[in-house]
Amino acid sequence: MIDARKLLDQFLGSQVPGVQGTVKDRATQAINLARDNPMATSAIAGVLLGTKTGRQVAGNALALGGLAAIAGLGYQAYKNYRDGNQPQPAPQSAPQTEPQFLPPPSDSGFSTAPAVATNDFTLSLVRAMIAAARADGHIDDTERQRILGKVQEAGVGAEAEAFFQRELANPVDLDAIVASAKTEEQRVQVFTASRLAIEPDSRAERGYLDLLAGRLGLADALVDHIEATVAGAKVQL
């Protein structure tokens, strides 16, 4: 069985072989490696996500682990929405001190405990991120083969490799992604993961996120909070 948590950690760039330092430093190095010598790095996030977004999650979010980062950011946005707060705009420049994020409460629907965040749902979060990354049609046949090469180099296992091959070769199954979220908290996490994967700079990406939010049944105000929370967690590289 695929270890979805480990795969999500690597997908978000928190476990990148060959780079050292803080989360921000590792992200920067991974993206530079992918740009300068694509065949020399196994940085999946650098190839699939980093070169698309130009931004990386800041602070300690990824140090918590990929699942905890998604759940924590989703919880923060959801709490602010439920408390009636206004969405906070993203900073115009990188802050002097990187933001620090807390994992979600263990007694909430955002808990990362296996009983709440099952392996199947965690894998759906990876699937949601891949779908978002594909929204603008950026991943052509050449890029697909390049990504699969990085997956093989990363040594994530034959089953995980087959998973990536299916997700990159087949049409996006939005119905399955939406159906995987059984609770409102899980629906928030699916959208949070998707928004983390991309910067919606094109109509196709913006349209995909709007469609996803509608299919998930998320209130516009809640989507605004997720957008602001994720944007505030990212820094320009």
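Right, let's walk through the structure included here. (Residues numbered from 1 in each chain as written. Predicted model: local features only at pLDDT ≥ 70, side-chain atom pairs only at ≥ 80, totals over all residues. Heavy atoms only, no water.)

Description of the overall build of the protein
Okay, step 1: In terms of regular secondary structure, the protein is built from 11 helices and two strands.
Okay, step 2: Mapped from its N terminus to its C terminus, the protein presents α and β elements in the order α-α-α-β-α-α-α-α-α-α-α-α-β.
Okay, step 3: Scored against the burial criterion, the 237 residues of the protein give a buried share of 51%.
Okay, step 4: The long-range fraction of contacts in the protein, counting pairs at least 24 apart against all pairs at least 6 apart in sequence, stands at 83%. (Helix = DSSP H or I, 4+ residues; strand = E, 2+ residues; numbered from the N terminus. Buried < 20%, exposed > 50% of the residue type's maximum accessible area, 1.4 Å probe, protein only. Contact = heavy atoms within 4.5 Å.)

Describing the packing of helix α9 (residues 184-197) against helix α10 (residues 203-216)
Okay, step 1: In the contact formed by α9 and α10, the axes pass within 10 Å of each other and the chain directions differ by 175°. Relative to α10, the element α9 is oriented roughly antiparallel. When α9 is examined against α10, the residues Arg187, Val190, Phe191, Ser194 and Arg195 are found in contact with a partner set consisting of Leu209, Leu212, Ala213 and Leu216.
Okay, step 2: Taken together, the residues of the contact of α9 with α10 break down into six nonpolar, one polar and two charged. (Axes fitted to C-alpha atoms, helices over the stretch in contact; angles between N-to-C directions. Parallel < 35°, antiparallel > 145°, perpendicular 65-115°, else oblique. Nonpolar A, V, L, I, M, F, W, Y, C, P; charged D, E, K, R; others polar.)

Remarks on α10
Note: α-helices contain 3.6 residues per turn, so residues at a spacing of three or four share the same orientation.
Okay, step 1: Here α10 spans 20 Å end to end across 14 residues, near enough to the 20 Å set by a 1.5 Å rise per residue.
Okay, step 2: Within α10, burial applies to Glu205, Tyr208, Leu209, Leu212, Ala213 and Leu216. For α10, the arc enclosing every buried residue in end-on projection is 130°, short of the 170-degree limit, so these residues lie on one face. Seen from the buried face of α10, the exposed residues on the opposite side, beyond 90 degrees, are Arg203 and Gly214.
Okay, step 3: In the stretch just after α10, Gly217 is the one whose phi turns positive, near 70°. (Expected span 1.5 Å × (residues − 1). Arc of directions from axis to C-beta.)

Comments concerning the packing of α9 against helix α11 (residues 220-233)
How two helices sit against one another is set out by the angle between their axes and by the gap between those axes.
Okay, step 1: Running from N to C, α9 and α11 cross one another at 45°; their axes reach a closest spacing of 10 Å. Judged by the inter-axis angle, α9 sits oblique to α11. Relative to α11, α9 is oriented so that their crossing is right-handed. Contact with α9, carried on its side by Glu184, Val188, Phe191, Thr192, Arg195 and Leu196, involves Leu222, Val223, Ile226, Glu227, Val230 and Ala231 of α11 and no other residues of that element.
Okay, step 2: Partitioned by chemical class, the residues of the contact of α9 with α11 number eight nonpolar, one polar and three charged. (Left-handed = near helix turned anticlockwise from the far one by under 90°.)

Digging into the nonpolar core
Burial of nonpolar side chains together is a common tendency in soluble globular proteins.
Okay, step 1: Core analysis: the largest hydrophobic core is formed by 50 residues, its most contacted members being Val190 and Phe191.
Okay, step 2: In terms of residue count, the dominant contributor to this core is helix α5 (residues 119-133) (10 residues).
Okay, step 3: When near neighbours in sequence (up to four residues on either side) are disregarded, Phe191 contacts Leu209, Leu212, Ala213, Leu216, Leu218, Val223, Ile226 and Glu227. (Core = buried A, V, L, I, M, F, W, Y, C linked by side-chain atoms within 4.5 Å.)

Points about the side chain of Thr122
Okay, step 1: Along the polypeptide, Thr122 turns up in helix α5.
Okay, step 2: If we ignore the near neighbours within four places in the chain, the residues touching Thr122 are Ala4, Arg5, Leu8, Leu67 and Ala117.

Brief notes about the pattern of salt bridges
Okay, step 1: For the coordinates displayed, the defined rule picks out seven salt bridges.
Okay, step 2: For Glu199, the salt bridge is made with Arg195, and the minimal N-O distance between the two is 3.4 Å. Note on accessibility: Glu199 and Arg195 belong to one class, buried.
Okay, step 3: Here Glu227 makes a salt bridge to Arg206, at a shortest N to O gap of 2.6 Å. You can see Glu227 sitting in helix α11 and its partner Arg206 sitting in helix α10, a full 21 residues away along the chain.
Okay, step 4: The buried category is assigned to Glu227, whose relative accessible area is 14%.
Okay, step 5: We classify Arg206 as partly exposed; its relative accessible area is 26%.
Okay, step 6: Salt bridges sharing common partners tie together Arg195, Glu199, Arg206, Asp210 and Glu227. (Salt bridge = Lys/Arg side-chain N within 4 Å of Asp/Glu carboxyl O.)

Interpretation note: all reported values are geometric properties and have no functional meaning in isolation.
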